[in-house]
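Observations on chain architecture
Read off the chains here:
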Amino acid sequence: MPSQNATTQNEPVVKCSSVYKIFGKNAQKMLRESNGKVDANEFQKAGCVVGVNDASIEVYKGEMLVIMGLSGSGKSTLLRCISRLTETTSGDIHIDGKDLLAMNRKQLIDLRRNKMGMVFQSFALLPHKTVLENIAFPLQIKGINTSDSMKRAMDMVDLVSLGGRENYFPRQLSGGQQQRVGIARSLAVEPDIWFLDEPFSALDPLIRKEMQDEFLRLQDVLHKTILFVTHDFAEALRLADRIAIMKDGVIEQLDTPANIVLNPATDYVRKFTEEVPREKVLKIKSVMDSNDGTEDFSDLTISQDAIIETVAEAILSETKRVPVVDTEHNIVGSVHSSKMIQILFGKSKAAETGN
Amino acid sequence: MGTNIYEKHPKLAQFGILLVGFFLLIILVSPSDTNVLWRLPPLLAPLPGMINDLAENLMFNWFPVQVYDPDLDDYEQTALLRELTRGFSRGVLFLIELIREVLIGGVKTIVAFTGWEYIRENPWAIWPALPWTVVVGGAALLGYALRGVGLALLAGISLSYISIFGQWEPAMETLSFVLVAAPISILLGLLFGIWSFKSRTVEAVLMPLLNIAQTMPHFSYLVPVTVFFGVGDHAGAIATIIFATPPMIRLTLLGLKKVPVEVVEAGMMSGSNDRQILLNVLVPTARHDILIGVNQVIMQCLAMAVIASFIGAKGLGFNLLLALNGLRIGQALELGICIVLIAVVLDRLSLAWANKQTDYFADLNFVEKHRFGLIFLVIFVVGVVLAFLGGMIFKDGINYFYFIPHNKGITTEYIWQSGVDWMVDNWYAGLQGFNRGLIINVLQPMKRAFLSMPVSATFLLVMGVGYIIGGTRSALIVGGFLLFIALTEWWDRALITAYMTTFSVIVAMIIGLTIGSLCAQNSFASKTILLVCDTFQTFPSFIYLIPVIMLFGVTDTSVLIAVIIYASIPAIRYTVEGIRKVPPHLREAGLMSGVTPLQRWIKIDLPLAFPHIMLGVNQTVIFALFMVIIGAMIGTDDLGQLILKALSDKQGIGNGLMLGLCVAFIGLVVDHLINTWAAQRKAALGFGE
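Owing to the predicted nature of the structure, the values given are computational and were not obtained by experimental measurement. (Residues numbered from 1 in each chain as written. Chains lettered and ligands numbered in written order. Predicted model: local features only at pLDDT ≥ 70, side-chain atom pairs only at ≥ 80, totals over all residues.)

**Looking at the overall build of chain B**
Secondary structure summary: chain B contains 28 helices and 2 strands in total. By its C-alpha atoms, chain B is 80 × 65 × 65 Å across when sized along the principal axes. Taking all 689 residues of chain B together, the buried fraction comes to 43%. Sequence-distant contacts in chain B: of pairs separated by 6 or more residues, those separated by 24 or more amount to 74%. (Helix = DSSP H or I, 4+ residues; strand = E, 2+ residues; numbered from the N terminus. Buried ≥ 20, exposed ≤ 12 C-beta atoms within 10 Å, placed from the backbone. Contact = placed C-beta atoms within 7 Å.)

Here it is, written out as structure tokens:
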């Protein structure tokens, strides 16, 4: 995970500060008069709808930020502000240090052709084009010649495991397959920033799980900077490096999945976290005891990034403390089976002992 | 459902009061020329004359310009508009001649570049016709290249039929005219459709114009076109373009509006500029509706083939008209089939072209890449050689491998004719009995009833219904349409048109509901009947007159039967579609409550499908109106008859336009009422569209 210490070294790839999006005729004027304190009810009376209310987020290179919220929370609107599909009412958005909102049409088109890719909830495939042609579309728009763009598109077809179906039309594919095409299309120009707007929401639960796995596999290879929008809290927990939870256009909490589960900032966030089985969400790292170097360890070692549930049984069968290691096999902490029992069967206590 | 009926009650009560008022007026208002409650004074009567003067002024006096005349070697004074329309006419005519002469030869294209002098001095300078075998082969090859063997066979056999039956020349004349009119209509339709998609103002201006344009009968366009563009093939093509473009505009706009926002966003996120969004995203995604538009354009073009022959378009339509006038049913039928075949082939070819796929990874050598060009070359050479050989084989001066003249083709005319004769001999008494019975017992009383309606009663009824359905606004709109008609001299004629339309619509709806409901019970039957409807809809409206005249001769009954058949098509289609659209879970809920099939039909299918069926009624009315006007060709005494008369009158432009507007307004009254009602009903039932 690109942890907080990376923050100080790198410029964020996407940086929004105090972004407002208000729909309606007098939005600009109302906003100026309100001095940044936007009350949705008051705006509504004046015929304005508040989409995004004072949102600030930063996304770092290789990080996956999930924006989570129920319908009408403004999550998709915020994403559309950042991709500039809708014009922001007020605020600053910088992409790679460049002011997005100050860009002219040509610069914006250039940015989208080279840096951005986006996946849509309804797949948004062009119905008259085949799988291959759909994937090649952004390349052809860019002006790459037919044979090169088709070759590149064919690589993408293989990447999303649709080989053999490249000449199918979208209507001949299942929802999951169509979204694979959408994913392949958004990746065809090798964008640095990848926007996904509820990409799996229109899919059946089993397919959704499969697509999430596929998506994690891709991200493992590609290391894109990702903004992912979803209304599914479990999906957010599963995928995110950090989660921004939105309600009525306001970001209620922006933190890592573990912190959100363990320390919900508002009652609204708590409602989501209450029912979440921690062992299925939290990684060992978030519950391990810090390493004081004197312990007598078991032979078993576990990764700090392992989900608790997947290693709980192994830990419980050890009598000694189990060392926790990072990717370079340095011991960074340890877990005892008693802790496991606490987490699995005594949830409130586990929450107290968590960081 | 129970609460719905209660909710309806206030409206029912209003309707009852309205009917009472209506009949009171009928009883109380006495027929007299001076009573404005009986008939309004024809205040608009001078309007046609004014339109005539205006048109004449525009054509001959407005904005004079100096134009160089090469024949006189001098400048000549003429009106700007006249020069513009002349130039346009010349352009269209040149295109038609060009295509025509590629197909059947001629000299006019050469003349256009040189002059008649040149032809006289060089008798060899005649463009030779393509042998018909080459055209047939080319069409089949095109079909194969676009779709496959099936389409190749369809195109090949259809064109062979036309040639073998000796209709080659008129068919190619019609084809050349369609090949010019259709692309121009499609292009104009696309342009205006896109423009109205981009600009709300354009849409707001265009929509009412389109409404009127689409409800004006074909004939009313003819007079203005002859005034501005003269008479001939080009005038026919221009009338066709005017008539065929509105549905294309409408469908383009509809299609563009239906493109999902996310698809456009996906285009933008791919970095498309405005042009790419329009051409690579919006238009192709709206393709389905645009293709329906293209199909409609082609159908309109062929439907106009007959009507355009009134103002000098040559081809199948002209011959069909002659055959109908001469009551040569067999010949008319053969010509009709040719028109239908051209329509079907063009339609399928254009669809196949739009759906064509490309193979990007095929590794092609020169021959494979150009194989269709090479095959055509072979077909061309073989055809020419065959034609050359034919010149030696056939000794009677007619080369059947080159061109089959009209009187030398196969004909089945005598079979049909003897069939008709047989039917006349054997069934005449019975048919005439039915005919007379219908006229005396149903049609004439109905006509009398319509004519004995005081104008005040008509207004009360129509505006009252408008008020009940859509409030004051609707009442005023339909009242305005009626007022226009009532102030012309033709109110009585309009009532006759209304009576014929009403009768046909009632019968067509009974047929449509019965057949439609029966077929909708089963998905196979539904598909079949929709296919039949599709096929029948490709027949130009004129075709329907042929068999009916065969049986009933030239009478009101013939016209009405043709109208009924033609109008039943949308009635059936919308009934089937409406019932098939009823959500299955509602039917299942009904089944689980133990309804019988009849109960299900009455309590579930019909009420839920009703809004959609009413849209079908709307279509039925428009279809019936058109057909009633076309029926005037074989003799009725309604508005259509007058429109026809206006055609032969040089000063007819004013009358023609006004009469056309009268018919259009009858249609628009019905259209407005039904659409308003259906929209409310659909919203109430919760299926928004």
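From this point, things continue past the structure.
**Some thoughts on the overall build of chain A**
Counting its secondary structure elements, chain A contains 16 helices and 14 strands. Expected size for 355 residues packed as a compact globule is a radius of gyration near 20 Å; at 22 Å, chain A falls within 12% of this value. The principal-axis extents of the C-alpha atoms in chain A amount to approximately 65 × 55 × 40 Å. Expressed as a percentage of the 355 residues in chain A, the buried residues total 43%. Nonlocal contacts in chain A, meaning residues at least 24 apart in sequence, comprise 66% of its contacts between residues at least 6 apart. (Rg over C-alpha atoms; globule rule 2.2 N^0.38 Å.)

**A word on the interface of chain A and chain B**
Facing the 21 residues of chain A at the interface are 19 residues of chain B. Taken together, the elements giving at least two residues each to the side of chain A that touches chain B come down to α5 (105-114), β6 (116-119), α6 (131-142) and α7 (146-159) of chain A. The residue makeup of the side of chain A that touches chain B, split by class, is 13 nonpolar, 5 polar and 3 charged. (Nonpolar A, V, L, I, M, F, W, Y, C, P; charged D, E, K, R; others polar.)

**What about the nonpolar core?**
In this structure, I135 of chain A together with A239 and C662 of chain B are the most contacted members of the largest nonpolar core, which totals 286 residues. Ranked by the residues each element gives to this core, the list is headed by helix α26 (residues 597-631) of chain B, at 17 residues. (Core = buried A, V, L, I, M, F, W, Y, C linked by C-beta atoms within 7 Å.)

**Digging into the sheet that holds strand β9 (residues 242-247) of chain A**
Residues and elements named next belong to chain A. As summarised here, the arrangement of the 6 strands in space is β6-β7-β8-β3-β9-β10, forming an open sheet in which the pairing is mixed. The outermost strands of the open sheet, each flanked by one partner alone, are β6 and β10 (250-255). Across the sheet, the mean angle separating the axes of adjacent strands is 15° when strand polarity is ignored. Against the sheet, helix α8 (residues 175-187) engages β6 and β7 (193-197), with an angle of about 170° to β6. (Pairing = 2+ DSSP bridges. Axes fitted to C-alpha atoms, helices over the stretch in contact; angles between N-to-C directions.)

**Details of the domain arrangement of chain B**
Domain annotation for chain B reports domain 1 (51-121), domain 2 (169-356) and domain 3 (420-452 + 488-685). With centres defined by C-alpha atoms, the gap from domain 1 of chain B to domain 3 of chain B works out at 43 Å. (Domains from an automatic or database assignment.)

**Looking at the pairing of strand β1 (residues 14-23) of chain A**
All names here are of chain A. Here β1 runs beside strand β2 (residues 49-59); their pairing, made up of 7 bridges, is antiparallel. Counterpart to C16 in the pairing with β2 is I57. Pairing of β1 with strand β4 (residues 90-95), which is carried by 5 bridges, proceeds in the antiparallel orientation. Residue pairing for β4: K15 is matched across the bridge by H94.

**Considerations on the packing of helix α16 (residues 329-354) of chain B against helix α23 (residues 545-552) of chain B**
All names here are of chain B. Here α16 crosses α23 at 165°, and the two axes come no closer than 9 Å. The orientation of α16 with respect to α23, classified from their angle, is roughly antiparallel. Like other packed secondary-structure pairs, α16 and α23 cross with a definite hand, here left-handed. Counted together, I329, A332, L333 and G336 of α16 and I546, I549 and M550 of α23 form the full contact between these two elements. Counted by class, the contact of α16 with α23 contains 6 nonpolar, 1 polar and no charged residues. (Parallel < 35°, antiparallel > 145°, perpendicular 65-115°, else oblique. Left-handed = near helix turned anticlockwise from the far one by under 90°.)

**Digging into the domain arrangement of chain A**
All names here are of chain A. Taken domain by domain, chain A comprises domain 1 (4-10 + 61-81 + 103-115 + 191-276) and domain 2 (280-353). Taking the mean C-alpha position of each, domain 1 and domain 2 sit 28 Å from one another. Listed by partner, the interface residues are 6 residues for domain 1 and 5 residues for domain 2. Considering every element that reaches the side of domain 1 that touches domain 2, the biggest residue donor is helix α11 (residues 257-262), with 4 residues.

**Points about helix α14 (residues 287-308) of chain B**
Taking 1.5 Å per residue as the helical rise, α14 of chain B with its 22 residues ought to reach 32 Å, and the 29 Å between its terminal C-alpha atoms agrees with that figure. Counted residue by residue, α14 of chain B has 18 buried out of 22 residues, so it is predominantly covered. (Expected span 1.5 Å × (residues − 1).)

**Re the pairing of strand β3 (residues 64-69) of chain A**
Residues and elements named next belong to chain A. Counting buried residues along β3, 6 of its 6 residues qualify, which places the element largely inside the surrounding structure. In this sheet, strand β8 (residues 225-230) lies alongside β3 in parallel orientation, the contact comprising 5 bridges. Paired with M68 across the strands is T230, a residue of β8. With 5 bridges connecting them, β3 and β9 associate as parallel partners.

**Some details on the environment of S338 of chain A**
Residue and element names in this part refer to chain A. The topology assignment puts S338 in helix α15 (residues 337-345). Take S338: there are 11 C-beta atoms within 10 Å of it, and that puts it in the exposed class. It is 7.8 Å that separates the C-alpha atoms of S338 and L316, two residues lying 22 residues apart in sequence.

**Points about the confidence of the model for chain B**
Summing up the model confidence of chain B, the mean pLDDT is 82 and the portion of residues at 70 or higher is 94%. Predicted complex, confidence summary: ipTM 0.81, pTM 0.79. (pLDDT = per-residue confidence, 0-100.)

**Examining the sheet that holds strand β12 (residues 302-303) of chain A**
All names here are of chain A. One open sheet accounts for 4 strands, arranged β11-β14-β13-β12; its pairing is mixed. This sheet does not close on itself; its edge strands, each paired only once, are β11 (289-290) and β12. Across 2 bridges, the pairing between β12 and strand β13 (residues 322-325) is parallel. Within β13, the position partnered with S303 by the bridge is V325.

**Some points on the confidence of the model for chain A**
It should be kept in mind that the predicted coordinates are not to be read in detail where pLDDT is low. Residues and elements named next belong to chain A. The predicted model of chain A averages 85 in pLDDT, with 93% of residues at 70 or higher. Of all the helices and strands in chain A, helix α1 (residues 4-9) carries the lowest mean pLDDT, 46, while β8 carries the highest, 94. In this model residues 349-355 is a low-confidence stretch, pLDDT under 50, and it forms 10 contacts with partners more than four residues away in sequence or in other chains.

**Remarks on unusual backbone geometry**
In terms of backbone geometry, most residues other than glycine have negative phi values and most peptide bonds are trans. In this model, F123 of chain A sits at a positive phi of 75°, which is unusual for a non-glycine residue. Along the polypeptide, F123 of chain A turns up in the loop between β6 and α6.

**Description of the environment of L222 of chain B**
All names here are of chain B. Checked against the element boundaries, L222 lands in helix α10 (residues 218-229). For L222, a count of 29 C-beta atoms within 10 Å puts it in the buried group. It is 8.4 Å that separates the C-alpha atoms of L222 and A235, two residues lying 13 residues apart in sequence.

**Let's talk about the environment of R32 of chain A**
All names here are of chain A. Looking at the secondary structure, you find R32 in helix α2 (residues 27-34). R32 gets classed as exposed once you count the C-beta atoms within 10 Å, which come to 11. Along the sequence, R32 and S90 sit 58 residues apart, while their C-alpha atoms lie 9.2 Å from each other.

**Concerning helix α28 (residues 652-685) of chain B**
Between its terminal C-alpha atoms α28 of chain B stretches 48 Å, which fits the 50 Å expected from 34 residues at 1.5 Å a residue. Where burial is concerned, most of α28 of chain B is hidden: 24 out of the 34 residues are buried.

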